[in-house]
Amino acid sequence: MNNTQNEILLSPAESLRKFILDVGLPLNMAPEALGIAPADFMHWWAGFNDKTIKKKQIESLGQFLSIDENEIFERRYDRTLIRAKIFEGRHSLPEKYSQNQFSYLRSSAHIIKYLCLTRGQHYSDLILRKLNVYPLIYDDINNKISLNFFMDLLDTLAENGMSQQELDNLACVLFLSLQRTPLGEKFRKARNHFECYEVVANNVHLFDSNFVYDFELDRKQLRIQAFLHYDSHSHIEWTEGRLSRLMRYRQILVGCYAYLSNLRPLFPECFVENSKYGVNATYIVTFDEAGPKRLFSVPGSEANN
Amino acid sequence: MNLENLTQFDKRKFKKLLGLYIRELREKLSWTPDQLAEHLKLPPTEVRQIEAGQKTLSQDAFDYLRHSLNLNDHDLLDIAKITQAEMLMDVYREINEQYPK
């Protein structure tokens, strides 16, 4: 594919705007990269003064990113390399997410992928920037993070346009990060709800250890006790709203594990007790007496194999 | 990859997400819609309609897009599964008494 065929010539300012949007250059990094004052940059970015950006700024940007500035004009840059350079060394976490790192990134990776597919890469990057973390932390979903991050993630999504229905749907798209993995394969092989929740019980430690879990599982019913000690999470701001949002997500998630096995979700009864020591949640899922109900799977997906 | 199967859960939503996916791919290539149209040998208005999720594609047109843009089949399946998941959640919200209120 030849990017320069029938190329429409853009001004330096237009080329730059497209470039910034395309590579996701954080706007707070852009003034330094361009060698101009933050106020001048924001003035230009808002569309008030196109004359701010000249070839000199593009040259400065090229040096900042260690690329030839003509690559920006001619739009023949390697986007992946540039993003790696922009976010280089940004695998470190803000302090509030690096304390009590009991959650794996796997427990939120599906949300990031869902945002990319349904709202675009920019929205996903925007959300993560608001949380002061960088997209590259998801390079390894075995990395760990504080529960605080997940709670802030839900809050930030709600503050940036997600309805409660959409937040609920996040619990049902866990397949986005698990399918085509060994853990996803275990779920796929489950033939009924009992076997599906056996996989959950045996692998819950791969998602988080924020809660202390106790599973009681037989062919008719699943009962999960999940207790979270406040002492282990004293750095987290426990407001009623944040706790409620988290527990709602987890309740729906318990029901939606079945979807990973292409089975009908069974939403649990959920009882939450709050004490000065922590939060205790009990989930009870009753299995269908008539037997499992397989969902019609998307042909071509592994579920058909 | 059968388009009918992919769109069976929510045709409108699948078209919209496919359009977004193609637009994101175009932007990664730093192409304008006109350049994409040139590459696909389609009218620019049609490319814009596809990206906006307003164009109903035939199986042949879908296959052509898939091959011309080297679309990732796993991503297309994920998009279809998202439409299924959201459809299911809509149903359960209405009828399942255990669904959280």
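Preceding this paragraph is the structure being described.
What comes next concerns the included structure.

Remarks on the overall build of chain B
Inference 1: For chain B, the helix and strand inventory stands at six helices and zero strands.
Inference 2: Ordered by position in the sequence, the α and β elements of chain B form the string α-α-α-α-α-α.
Inference 3: Its C-alpha atoms give chain B principal-axis dimensions of about 55 × 25 × 20 Å.
Inference 4: Every one of the 101 residues in chain B was classed for burial, and the buried ones make up 51%.
Inference 5: Partitioning the intrachain contacts of chain B with sequence separation of at least 6 by distance along the chain shows that 67% fall at a separation of at least 24.
Inference 6: Accessible surface computed for chain B: about 5,000 Å², of which carbon and sulfur atoms make up 48%.
Inference 7: Positive and negative side-chain charges in chain B, numbering 15 and 17 respectively, have mean positions lying 3 Å apart.

Comments concerning a nonpolar patch on the surface
Inference 1: A cluster of nonpolar side chains, contributed by Met87(B), Val91(B) and Ile95(B), occupies part of the molecular surface with about 260 Å² of accessible area.
Inference 2: Here Ile95(B) shows up in helix α6 (residues 73-95).

Quick look at the interface of chain A and chain B
Inference 1: Each partner contributes to the interface: chain A provides 44 residues, whereas chain B provides 39 residues.
Inference 2: Summing both sides of the interface, chain A and chain B together bury roughly 3,800 Å²; the carbon and sulfur share of this comes to 57%.
Inference 3: Of the charged contacts, one joins Asp168(A) and Arg93(B) as a salt bridge, the two residues approaching to 3.9 Å between their closest N and O atoms.
Inference 4: In this assembly, chain A and chain B are joined by eleven residue pairs in polar contact (both at pLDDT 80 or more).
Inference 5: Only α8 (106-119), α11 (164-170), α12 (175-178) and α15 (240-256) of chain A provide two or more residues apiece to the side of chain A that touches chain B.
Inference 6: Grouping the amino acids of the side of chain A that touches chain B by side-chain chemistry returns 20 nonpolar, twelve polar and twelve charged.

Examining the sheet that holds strand β4 (residues 221-229) of chain A
For sheets, the rule is that strands pair by backbone hydrogen bonds, running either parallel or antiparallel.
Residues and elements named next belong to chain A.
Inference 1: Ordered by their spatial adjacency, four strands build an open sheet running β3-β4-β6-β5, and the pairing between neighbours is antiparallel. Across the chains shown, the open sheet's two edge strands, defined by having one partner strand only, are β3 (212-217) and β5 (269-274). Geometrically, the sheet is characterised by an average inter-axis angle of 10 degrees between neighbouring strands, direction not taken into account.
Inference 2: Sitting on the sheet, α15 touches β3, β4, β5 and β6 (278-286), and the angle it makes with β6 is about 25 degrees.

What to know about the pairing of β5(A)
Residue and element names in this part refer to chain A.
Inference 1: In terms of strand pairing, β5 meets β6 through six bridges, oriented antiparallel. Residue Asn274 lies in a different strand from β6, and its bridge partner there is Val279.
Inference 2: Here β5 folds back onto β6, and the loop between the two strands holds three residues.

About the criteria used
Residues numbered from 1 in each chain as written. Chains lettered and ligands numbered in written order. Predicted model: local features only at pLDDT ≥ 70, side-chain atom pairs only at ≥ 80, totals over all residues. Heavy atoms only, no water. Helix = DSSP H or I, 4+ residues; strand = E, 2+ residues; numbered from the N terminus. Buried < 20%, exposed > 50% of the residue type's maximum accessible area, 1.4 Å probe, protein only. Contact = heavy atoms within 4.5 Å. Areas by Shrake-Rupley, 256 points an atom, 1.4 Å probe, with all protein chains shown as cover. Lys, Arg positive; Asp, Glu negative; His and termini not counted. Charge placed at Lys NZ, Arg CZ, Asp CG, Glu CD. Patch = residues over 30% accessible without salt bridge, like charges linked within 9 Å, V, L, I, M, F, W, Y side chains within 5 Å. Salt bridge = Lys/Arg side-chain N within 4 Å of Asp/Glu carboxyl O. Buried area = accessible area lost by both parts, 1.4 Å probe. Polar contact = N/O pair within 3.5 Å; in protein donor to acceptor, adjacent residues only side chain to side chain. Nonpolar A, V, L, I, M, F, W, Y, C, P; charged D, E, K, R; others polar. Pairing = 2+ DSSP bridges. Axes fitted to C-alpha atoms, helices over the stretch in contact; angles between N-to-C directions.

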